[in-house]
Amino acid sequence: YRNGIIFLSNTKNEEKMLPKHLSFGAIEAYFAIVKDTTLGKHKIFSPLSSFSYPCEAVTFSSDFNTMYYTKIPHKGTRAKIYQAVYKSSGKYKSSWVSDLNPVDFCTGNYTYTHPALSADGKAMIFASDRTGTLGGMDLFISRKEGNKWSAPENFGKSINTIGNEFS
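Here the structure is a predicted model, which is why all the values come from computation and not from measurement. (Residues numbered from 1 in each chain as written. Predicted model: local features only at pLDDT ≥ 70, side-chain atom pairs only at ≥ 80, totals over all residues. Heavy atoms only, no water.)

A. Expanded view of the pattern of salt bridges. Summed over all chains, the structure comprises 2 salt bridges. The partner of Arg143 in a salt bridge is Glu153, and the shortest N-O contact between them spans 2.9 Å. Of this pair, Arg143 sits in strand E11 (residues 138-145) while Glu153 sits in strand E13 (residues 153-154), and the two are 10 residues apart along the sequence. Looking at Arg143, the relative accessible area reads 37%, which means it is partly exposed. (Salt bridge = Lys/Arg side-chain N within 4 Å of Asp/Glu carboxyl O. Helix = DSSP H or I, 4+ residues; strand = E, 2+ residues; numbered from the N terminus. Buried < 20%, exposed > 50% of the residue type's maximum accessible area, 1.4 Å probe, protein only.)

Here it is, written out as structure tokens:
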């Protein structure tokens, strides 16, 4: 992302913490520029709103103003893919504003995860366990048609196996 890397870490200087014990910190997304083989000073990825979702399940438009990411919307439900747009609300104030609902093809009680957006933003490859898979998780493609995403197409046996494909 913008010549750097996004990663998850504890918010209290990477101290060990008890699960769900906020006085020791919380999981937060950070961003750092990659310098040769090390990372530069890291900073919070989305300073005005928490972003504690798996960073391996994130993809960006080529202008970095649209992000698709995976999150579990409610306790006990399956992961879905959401869209967020980078909005500027004045001098030095900007943040990611996420849609309340997942992208249109995320239907049913299935998992949708690990989106990968094409350079032109017109195709998205993702993993899902929706009906029609060959194994656990298969790779699917959806194409953007106007403001909507098409019905997902399974890549079939040339890509998918009886195992789990994620990327």
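Let's pick the thread back up.
B. The environment of Lys43, seen in detail. Locating Lys43 in the fold gives a position in strand E4 (residues 43-44). On the basis of relative accessible area, Lys43 is assigned to the exposed category, the value being 52%. Remark: the alpha-carbon pair of Lys43 and Ile6, spanning 37 residues in sequence, is separated by 9.7 Å. Beyond its immediate sequence surroundings of up to four residues, Lys43 is in contact with Tyr30 and Phe31. (Contact = heavy atoms within 4.5 Å.)

C. View of the pairing of strand E10 (residues 123-128). With 5 of 6 residues buried, E10 is to be regarded as a mostly interior element. If you look at the hairpin formed by strand E9 (residues 112-117) and E10, you'll find 5 residues sitting between the two strands, and Gly121 has a positive phi there, around 75°. The pairing of E10 with E11 spans 6 bridges and is classified as antiparallel. In the sheet register, Ala127 faces E11, and the bridge partner there is Leu139. (Pairing = 2+ DSSP bridges.)

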